[in-house]
Amino acid sequence: MASIRELKKEIDNQIFGVISDCMLFMSRHPDHDENELNAIVQEAYQLRNNLIYRIYHFDNKEDARAVKNHFKEIKSDLSHGVDQLCMKLSSLSSKKKKK
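Overview of the structure. Keep in mind that this is a model prediction, so the values were computed, not measured.

All right, on to the packing of aromatic side chains then. Inspection of every chain in the model, using the stated rule, returns two aromatic pairs. With 6.3 Å between their ring centres and 65° between their planes, phenylalanine 16 and tyrosine 45 make a pair best called edge-to-face. Placement of phenylalanine 16 in helix 1 (residues 4-28) and of tyrosine 45 in helix 2 (residues 34-56) is noted, with a sequence separation of 29 residues between them. Phenylalanine 16 sits in the partly exposed class, given a relative accessible area of 35%. On the basis of relative accessible area, tyrosine 45 is assigned to the partly exposed category, the value being 34%. Centre to centre, the rings of phenylalanine 58 and phenylalanine 71 are 5.6 Å apart; their planes meet at 75°, and the pair counts as edge-to-face. Taken together, the residues span a long stretch of sequence, with phenylalanine 58 in the loop between helix 2 and helix 3 (64-94) and phenylalanine 71 in helix 3 at a distance of 13 residues. In this structure, phenylalanine 58 and phenylalanine 71 share a single accessibility class: buried.

Right, dumping it as structure tokens:
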């Protein structure tokens, strides 16, 4: 199992990557609705905070198999959540611009 420190770095890198993509999109397309982008950024922060919380709060710390499954689930939720955020961001680029 990778260390908790490495997992937290991976979470931060992926989440902040999505947030920086949102900021880049906002700066390159100022005519799009900022509220939709802000909602994606807020959702990214909530995902990050939820995952970091789950790293430290789990049951069965003595059972190695349960611990391993817990961290696998966190990694899976991270990749799924980042994919969802990226799909939302890409769907914004295909929407019509506000007038």
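As a further point, take the side chain of histidine 70. Within the fold, histidine 70 resides in helix 3. Judged by relative accessible area, which is 16%, histidine 70 ranks as buried. For histidine 70, the contacting residues outside a window of four places in its chain are Arg54, His57 and Phe58.

The next thing to look at is the nonpolar core. Of all hydrophobic cores here, the largest spans 25 residues; its most connected members are Ile11, Ile15, Leu37, Ile55, Phe71, Ile74 and Leu89. Looking at this core, the elements with two or more residues in it are helix 1, helix 2 and helix 3. Other than its neighbours up to four places away in sequence, isoleucine 74 contacts Leu7, Ile11, Leu51, Arg54 and Ile55.

What follows covers helix 2. Helix length check: helix 2, at 23 residues, gives a terminal C-alpha distance of 34 Å against a target of 33 Å (1.5 Å per residue), a fit within 8%. Turning to helix 2, its buried residues number three or more, namely Leu37, Ile40, Val41, Ala44, Leu47, Leu51, Ile52, Arg54 and Ile55. Contacts made by the buried residues of helix 2 are with helix 1 and helix 3. A distance of 3.3 Å separates the backbone nitrogen of asparagine 35 from a side-chain oxygen at the start of helix 2, and that oxygen is part of aspartate 33.

Summed over all chains, the structure comprises four salt bridges. In this structure, glutamate 43 engages lysine 88 in a salt bridge whose closest nitrogen and oxygen atoms are separated by 2.6 Å. Here glutamate 43, found in helix 2, pairs with lysine 88, found in helix 3; they are 45 residues apart in sequence, far enough to count as distant. The partly exposed category is assigned to lysine 88, whose relative accessible area is 34%. The partner of aspartate 77 in a salt bridge is arginine 54, with the nearest N and O atoms 2.8 Å apart. Linking aspartate 77 in helix 3 with arginine 54 in helix 2, this pair joins segments that are 23 residues apart in sequence. Owing to a relative accessible area of 27%, aspartate 77 belongs among the partly exposed residues under this scheme. By sharing partners, the salt bridges in this structure join Arg54, Glu73 and Asp77 into a single network.

How each quantity is defined
Residues numbered from 1 in each chain as written. Predicted model: local features only at pLDDT ≥ 70, side-chain atom pairs only at ≥ 80, totals over all residues. Heavy atoms only, no water. Phe/Tyr/Trp six-rings, centres within 6.5 Å; stacked < 30°, edge-to-face > 60°. Helix = DSSP H or I, 4+ residues; strand = E, 2+ residues; numbered from the N terminus. Buried < 20%, exposed > 50% of the residue type's maximum accessible area, 1.4 Å probe, protein only. Contact = heavy atoms within 4.5 Å. Core = buried A, V, L, I, M, F, W, Y, C linked by side-chain atoms within 4.5 Å. Expected span 1.5 Å × (residues − 1). Polar contact = N/O pair within 3.5 Å; in protein donor to acceptor, adjacent residues only side chain to side chain. Salt bridge = Lys/Arg side-chain N within 4 Å of Asp/Glu carboxyl O.

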